Each structure stands twice: as C-alpha cells, then as structure tokens.
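Structural overview for review
Below are the chains, spelled out letter by letter.
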Amino acid sequence: MSEISRADVEHLAKLAHISMTEQELQKMAQELAVIVDSVATVSEAVSGDIHATSHPLPLTNVFREDEVGHVFTAEQSLLNAPDAEAGRFKVPAILDEE
Amino acid sequence: MSTHTHELIRLTAAEMAAKLCAGEITSVALTQAHLDRIAAVDGGERGINAFLHVATEEALRTAAEVDAIRAGGGAEAEALHPLAGVPIAVKDLIVTEGQPTTAGSKMLDGWMSPYDATVVTKLRAAKLPILGKTNLDEFAMGSSTEHSAYGETRNPWDVTRIPGGSGGGSAAAVAAFEAPLALGTDTGGSIRQPGAMTGTVGGKPTYGAVSRYGAIAMASSLDQIGPVARTTEDAALLHELIAGHDPKDSTSLTGEVPALAEIVRGADVAGLRVGVIKQLQGEGYQEGVLARFHEALDVLRAAGAEIVEVDCPSFDYALGAYYLIMPSEASSNLAKFDGVRYGTRVLPEDGALTIERVMGSTRAAGFGDEVKRRIILGTYALSAGYYDAYYGSAQKVRTLIQQDFDAAFEKADVLISPTSPTVAFPLGENDDDPLAMYLNDVATIPANLAGIPGLSVPGGLSEGLPVGIQFLAPIREDARVYRAGAALEKLLTKDAEPLWAQAPELAETSEAAAHPAGK
C-alpha cells in the first residue's frame, strides 16, 4: 500500500506549494517510501471499534467574553511584509495563472 | 576568563538567586559573566554555536534594573521574583519582541515578532535577563540540531557530536555554562532527549500546563514549552515561573501550579512505585545506556522504591503514529509561510510572476530538506484515500497508548525508561537516513501522544558521554516526575560530583576570546 512514486510526490508538492527539481522529486519519493513503509504498521494495529484521539486532554467548550483585546496597528502588521504599498500587503498577480 | 567569572557561571540557578538576594553578587556581573562565556566558547569553527542571537544590551539593561531595585530596598525589592536577575536563554522557536526569531529557518531570516510569547512575558515580568535565542532544528524538526539553517550546534561533552534536538541549542548552552537556565519546546522529545545527550535536566510539562502562545507551532496537539536546566531544583523553579493558565491559549489548563521546587528539596522515593516499561528497553538500546538505566533502578530500589514492570504493548506503534500525526499537523501549521504577509519571499527565476508560483519558489528556497519531507509526508497522510488508513489509524493508536498509560499508572506512581536509546552520536552520522534519526525519539514520543509530563535527569556516563533517565507521570501530576527525578539526582550525587560538573573544559574558540576587549 505504501508505493509512493515520483508522480505522487510531484502532486503532493503541488498541493503543498513547494517547487521541486526533478532530482528532489526522485530523492523524496525514495525517502518517503521508506518512511511510509515503516509507519504503515499503525493501520495494522487498530480495529474499527477504537475511538480516535485528536487531542491529549478532554477539554471542551472553552468560552470567554467576546471583547476587543490588544490589536496591532496597520503599521505593525506591515512591518515584516516582504512588500507593502499604501497600508496594504502587496502581492504578485493572483489571477492570470496558467 | 577570570576565576571569578568561571566560578559564577558554574553555580546553579538556585545558588545564583540566593547570592543575588543576599547582595553577594550583582545581576550585571552575573549576566556579564555569561556573556563573556558565550563570547569565549560559542563562536568559531569548533565553537558550541548554541546561540543564534545574543542580546547583550537588553540583558545587561534588565540586570541593571534588578540591581537598582535591590539596592533601593523596600517593597519593590521585596516583591522581586526569586529568580530576578538570573539570566536565561530562549529557544528560537519562541517569539520575542525586540530580538529576532528565526525558528532555525531561512523562511524567517530577519523576522521580528511584533509580540512576546506568554512565557517570555513571564520572564520579563520576573526580570530574568534574556541572554539571547538558541539554535534548533528548523521549525523544531529533528533530533540533532543538524537541520538548523544556521549551522549545527555542538555537544559540549564532545564537539564532534550532536547535542540532541530539536532543542540542542538550549541544552548545549546550559551544559556549557553559557546560561544557567533555558526554555525549550518538546513535541516528541525535543527538551528531554537533548537533556540526555548533554547531561542536563529537561522537563516536558503536562500538555497545557505551560502556555503555547507565541511558540511557533509544529504539531499543535503535541507541542509543549518546558524548562532546561542543570539541576532538578533549577528546572522546578523555572517550571513554576512559566506555568499557569493563559487565556491566550485555548488548550491551557486551569488550576494551581504545584510547588515543585519544594517537592524537589524534600524528595525521596520511599514507598514510591516505579514502573519499568517493558517496551522501552532491550533491542535498539545501547548496552551502556541500559547499564546506567539498571544502576538507576538499583539505586532507587535501595532507597525504598518499589520497582514493578509494566506492559505497554501499543508503544510498538507509537513511533509510527507520531510520524503520521506530527507531519500532518505540521503540514497544516506551516501552510502560513507563503511569502505574503511576513517572512522570506523568493521570486521564481523565470516564467509568469503569479502568486502561486511565488509561493512555490518561496517555500522551495525557504524550507530545508527535513521540513519539506515532513510537509510532503503530512500532505500525503491527510490526502483523500489515505486519510483513514494513516491519520485516522494514528489517532486510534493514540487512544491505545493512553489506555496503556492508564493501565500502567494503576500499578505504578511513576514510570521510568532510558530517555534515548543511544548516547550522542557523531555529527553527520544520520545525514542520509531520516528513519534512523526518527528512532532517537522512540522513548520520548509516547508522553507527547498522551499529553503526560516527563522529565529527563542525568544517569551517568557511557563511553564518556551522558545517559539520560526519563520519568513519566499521569496528566497534571508533574510533581511526581520532579519528586522521582530529584530523588535519583540526590542518590547519584551523594558520593560523586553532579554529571554537569564533570563535563570537559571547553577550549576558547572565538576571536573575541583570543582578544578580550578589556572586560
């Protein structure tokens, strides 16, 4: 079940927005196959009637009053921006994709 | 380096605090002594490289403030926190205003957090001079600190070896007397395993006991901030300072913070039921590690502890479950590094300049290999068709592991195991074998999956390198791991110097040390 091909990695890299060279794709496919093989044992360990744990503590319903707390100024928010203009984040074209 | 400096930095944090309080030393002198030590041993080709940033001015300013308050006396001096004036280092995964935070990644090169993590707010309120930020595996992903984008950290016991990871910088800084205390984060062992590798003490609190607000998230259901120190008393003092409910962290626990330092001082194991986990010994564990482990059991038994064996069969699947859950959560948490609002932006070398292509080239250039590996693995584990088999099964294993712990804690008050299967390995040894690297975490991971507290204390040497002994306790029972850990520490140092005092002298490596600037 753990066959993981170069094409699979290419698809995953696209989903994860990481550009990869041909060499990286091949190396990653090999490494992932080994790792996926070793972690695949977990599906053998469980049967259907065990509940899934997503969080270590049974905390539920953490509520608080909906009040305005500390907020950053626009200036502070833009301080680390790679590019900004007129009080806004500046990004390359969002449309016009291939 | 003067004798005085040499003596100051080898005190425990508790001793430093007592001397500051009694007016025998000043915080400025103490902080300067550590800055001198950093200048002497941290830089250069064979230096420890524990620090990514040293905050000389800020640390001295805080120190001077504490000294002025003490000198002034009165209510303000009385109100000072017991650790006021004792310097500390902060893992560079924890955000700090006024000091850069990189997470060990090129992605955050030059980034300045606009806010402090809650634990940093607490350090500042208690007036601990922050010496700087410590090195780590990129985004805390690793067990050796070799995956930092800013060079590896070296183990003070042998500079050709790894200091553990991901918090190798914090552990090495404390072991090398560059800082008496440090903060770490532990997702699968990143505080405890470096503690074991460097002969220091590392604590992973109960999940939620210390606020995660301002810790750059790797795997949110596993991450936990905790103390790094040379003694259990120092770790307990720091744990008490940083613990407590924080409304900014929705997974933060409410309730009283236990008086851990008091428990440490009075620790004994008479009548304590100590459970040896059958699955965390034997195959894969080095002989020397097991020898120190069995000595620890003998010592505890002789002091009145009842040693019992506990069976945790699902632990055989813990590593597999961890390496599905952690990358899954990480792939989601790291999606925010897209070159839009902060951090590095790298434009593609050719072709259309669209946001999608900019994200792709930014993440290609900004992330290192291990981070990419985990993001891709996590994306795979969460993808349609595989979700149930991988992520879903891993979450079920998590339930089984909690059930194993529940059963074990019926028979034992605390559990014990070696912290890591091996002593520190040579730098570069596992470069081409990510899976071998992952095996380092086999004994520490179950605690993160179950959210329980753990503590690694020095258990002696094997082949001249430190071995760590790990204690585990049920959720919210952090006091038990401190009690057991402190008792073992006391028993092992009854007729011997503590391990941290036995570390070899470090050569002065940096330019600054060769030409001291008249300090």
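Residue positions are given per chain, counted from 1 along the sequence in the order it is written. Written order decides the labels, with chains lettered from A and ligands numbered from 1. Two thresholds apply to this predicted model, a pLDDT of at least 70 for residue-level local features and 80 or more for giving and counting side-chain atom pairs, whereas whole-chain, interface and lining totals are computed over all residues. Side-chain numbers here rest on the full set of heavy atoms in the structure, without hydrogens or water.

If you look chain B up in an unreviewed UniProt entry, it shows as Glutamyl-tRNA(Gln) amidotransferase subunit A from Nesterenkonia sandarakina. UniProt, in the comment section headed Subunit (unreviewed entry), describes chain B in these words: "Heterotrimer of A, B and C subunits." Taken from UniProt, the Function (unreviewed entry) comment for chain B reads in full: "Allows the formation of correctly charged Gln-tRNA(Gln) through the transamidation of misacylated Glu-tRNA(Gln) in organisms which lack glutaminyl-tRNA synthetase. The reaction takes place in the presence of glutamine and ATP through an activated gamma-phospho-Glu-tRNA(Gln)." UniProt positions are given in the numbering used here, feature names are shortened, and annotations may be inferred rather than shown by experiment.

Taking an unreviewed UniProt entry as the reference, chain A is identified by name as Aspartyl/glutamyl-tRNA(Asn/Gln) amidotransferase subunit C belonging to Nesterenkonia sandarakina. In its Subunit (unreviewed entry) section, the UniProt record describing chain A reads: "Heterotrimer of A, B and C subunits." Here is the UniProt Sequence similarities (unreviewed entry) comment for chain A, exactly as written: "Belongs to the GatC family."

So, about the UniProt feature "active site" (unreviewed entry) in chain B. Residue and element names in this part refer to chain B. Feature annotation in UniProt places "active site" (unreviewed entry) on Lys91, Ser166 and Ser190, given in this structure's numbering. These annotated residues cover 100 residues of sequence, but their C-alpha atoms sit close together, with the largest distance between any two at 10.8 Å. Among the annotated residues just listed, those lining the largest cavity are Ser190. Counting through the fold element by element, Lys91 comes out in strand S2 (residues 88–91). Not counting chain neighbours up to four residues away, the residues in contact with Lys91 comprise Lys133, Thr134, Leu136, Ala140, Ser166, Gly167, Ser170, Leu183, Gly184, Thr185 and Ser190. Tracing the backbone through its elements, the reader meets Ser190 in the loop between strand S4 (181–185) and helix H8 (192–198). The exposure class of Ser190 is buried, given its relative accessible area of 7%. Each cavity reported here is a set of points on a 1 Å grid over the protein atoms alone in which a 1.4 Å probe fits but cannot get out, each pocket an open set with protein on both sides within 12 Å along at least five of seven lines, and each lining residue one with an atom within 4 Å of a point. Helical segments are the DSSP runs of H or I of at least four residues, strand segments are the runs of E of at least two, and each set is numbered from the N terminus. Contact criterion: two residues are considered in contact whenever any of their non-hydrogen atoms come within 4.5 Å of each other. Relative accessible area decides the class of each residue, using a 1.4 Å probe on protein chains only: under 20% of the type maximum gives buried, over 50% gives exposed, and in between gives partly exposed.

With that settled, consider the sheet that holds strand S9 (residues 414–418) of chain B. Residue and element names in this part refer to chain B. Pairing between two strands requires that DSSP report at least two bridges joining them. With mixed pairing, the 11 strands of this open sheet are ordered in space as S1-S3-S2-S4-S6-S5-S10-S11-S9-S7-S8. One side of each edge strand has no neighbouring strand; the edge strands of this open sheet are strand S1 (51–54) and strand S8 (306–310). Strand-to-strand, the axes of this sheet are offset by a mean angle of 25°, without reference to chain direction. Of the strand pairs in this sheet, S2 and strand S3 (residues 130–134) are connected by four bridges, and their pairing is parallel. Counted as the bridge partner of Val90 is Lys133 from S3. Where helix H9 (residues 232–242) meets the sheet, its contacts fall on S2, S4, strand S5 (201–204), strand S6 (225–229) and strand S10 (454–462), and the angle it forms with S6 comes to roughly 150°. Simply put, an axis is a line fit to the C-alpha atoms, just over the touching stretch for a helix, and the angle between two N-to-C directions goes from 0 to 180 degrees.

Bringing the packing of aromatic side chains into the picture now. Residues and elements named next belong to chain B. Whether two aromatic rings pair depends on their centres lying within 6.5 Å, for rings of Phe, Tyr and Trp, where Trp uses its six-membered ring; planes under 30 degrees apart make the pair stacked, over 60 edge-to-face, and the rest tilted. Following the criterion strictly, the structure yields 16 aromatic pairs over all chains and no others. Considering the side-chain rings of Phe139 and Phe337, the 4.9 Å spacing of their centres and the 50° angle between planes classify their relative orientation as tilted. Of this pair, Phe139 sits in the loop between S3 and helix H7 (168–175) while Phe337 sits in the loop between helix H12 (318–333) and helix H13 (355–366), and the two are 198 residues apart along the sequence. Of the two residues, Phe139 and Phe337, both sit in the buried class. Each ring, one from Phe139 and one from Phe367, has its centre 5.9 Å from the other, and the planes form 75°; the classification is edge-to-face. Taken together, the residues span a long stretch of sequence, with Phe139 in the loop between S3 and H7 and Phe367 in the loop between H13 and helix H14 (369–382) at a distance of 228 residues. We classify Phe139 as buried; its relative accessible area is 2%. Counting every residue linked through ring pairs, the aromatic cluster contains Trp111, Phe139, Phe337, Tyr342 and Phe367.

Attention now goes to the interface of chain B and chain A. Opposite the 58 residues of chain B that make contact, chain A presents 57 residues. By buried area we mean how much accessible surface two parts lose on assembly, using a 1.4 Å probe and totalling the loss over both. For the pair chain B and chain A, the summed buried surface comes to about 5000 Å²; carbon and sulfur atoms form 69% of the total. A side-chain nitrogen of Lys or Arg and a carboxyl oxygen of Asp or Glu constitute a salt bridge if their distance falls within 4 Å. At the boundary of chain B with chain A, the tally comes to two salt bridges. Between Glu31 of chain A and Arg373 of chain B there is a salt bridge whose closest N-O contact spans 2.7 Å.

Here the focus is empty space enclosed by the protein. Residues and elements named next belong to chain B. Grid points are joined across faces, edges and corners, and a volume is the space filled by probe spheres set on the points. Inspection of every chain in the model, using the stated rule, returns four cavities of 30 Å³ or more. By volume, the largest cavity is sized at about 70 Å³. Around the largest cavity sit 13 residues that line it, and Gly142, Ser143, Ser190, Tyr322 and Asp441 are the ones nearest its centre. For this classification, Asp, Glu, Lys and Arg are treated as charged, while Ala, Val, Leu, Ile, Met, Phe, Trp, Tyr, Cys and Pro are nonpolar and the rest, including Gly, are polar. Of the residues belonging to the lining of the largest cavity, the class tally is four nonpolar, seven polar and two charged.

The next point concerns the pattern of salt bridges. Scanning the entire structure with this criterion turns up 21 salt bridges over all chains. Residues Lys127 of chain B and Glu65 of chain B are paired through a salt bridge, measuring 2.9 Å at the closest nitrogen-oxygen approach. Taken together, the residues Lys127 of chain B in the loop between helix H6 (118–125) and S3 and Glu65 of chain B in helix H4 (residues 56–72) connect sequence positions 62 residues apart. Among the salt bridges present, the one from Asp158 of chain B reaches Arg161 of chain B, with a minimum N-O distance of 3.0 Å. A single network of salt bridges, built from pairs that share partners, joins Lys27 and Glu31 of chain A together with Glu370, Arg373 and Arg374 of chain B.

Once that is clear, we can look at unusual backbone geometry. The step from Gly165 of chain B to Ser166 of chain B runs through a cis peptide bond, and the omega angle for that step is 10°. Although it is not a glycine, His17 of chain A adopts a positive phi angle of roughly 55°. Within the fold, His17 of chain A resides in the loop between helix H1 (6–15) and helix H2 (22–39). The class of His17 of chain A is partly exposed, set by a relative accessible area of 26%.

A few words on the pairing of S4 of chain B. All names here are of chain B. Judged by how many residues are buried, S4 sits mostly within the fold: five of five residues are covered. In this structure, S2 lies alongside S4, joined through two bridges in parallel fashion. The partner of Ala89 across the bridge, within S4, is Ala182. Relative to S6, S4 runs antiparallel, the two sharing five bridges. The residue bridging Leu183 from the neighbouring strand is Pro227, located in S6.

Residue and element names in this part refer to chain B. You can see Thr96 is positioned in the loop between S2 and H6. For Thr96, a relative accessible area of 0% gives the class buried. Filtering out sequence-adjacent residues up to four positions away, Thr96 remains in contact with Thr101, Ser113, Tyr115, Asp116, Val120, Arg124 and Lys133.

Now for the side chain of Arg398 of chain B. The topology assignment puts Arg398 of chain B in helix H15 (residues 388–411). Charge counting follows a simple rule: Lys and Arg are positive, Asp and Glu are negative, and His as well as the terminal groups are ignored. Here Arg398 of chain B is buried and forms no salt bridge, its nearest opposite-charge partner Glu329 of chain B lying at an N-O distance of 4.4 Å. Within polar-contact distance, the side chain of Arg398 of chain B engages the side chain of Ser221 of chain B at 2.8 Å. Those residues in contact with Arg398 of chain B that lie beyond four places of it in its chain are Thr53, Ser54, His55 and Pro56 of chain A together with Ser221, Leu222, Ile325, Glu329, Asn448 and Leu449 of chain B. Whenever a nitrogen or oxygen atom comes within 3.5 Å of another N or O atom, the pair is scored as a polar contact, on the condition that within protein one atom can donate a hydrogen and the other can accept it, and that pairs from neighbouring residues in sequence are kept only if both atoms are in side chains.

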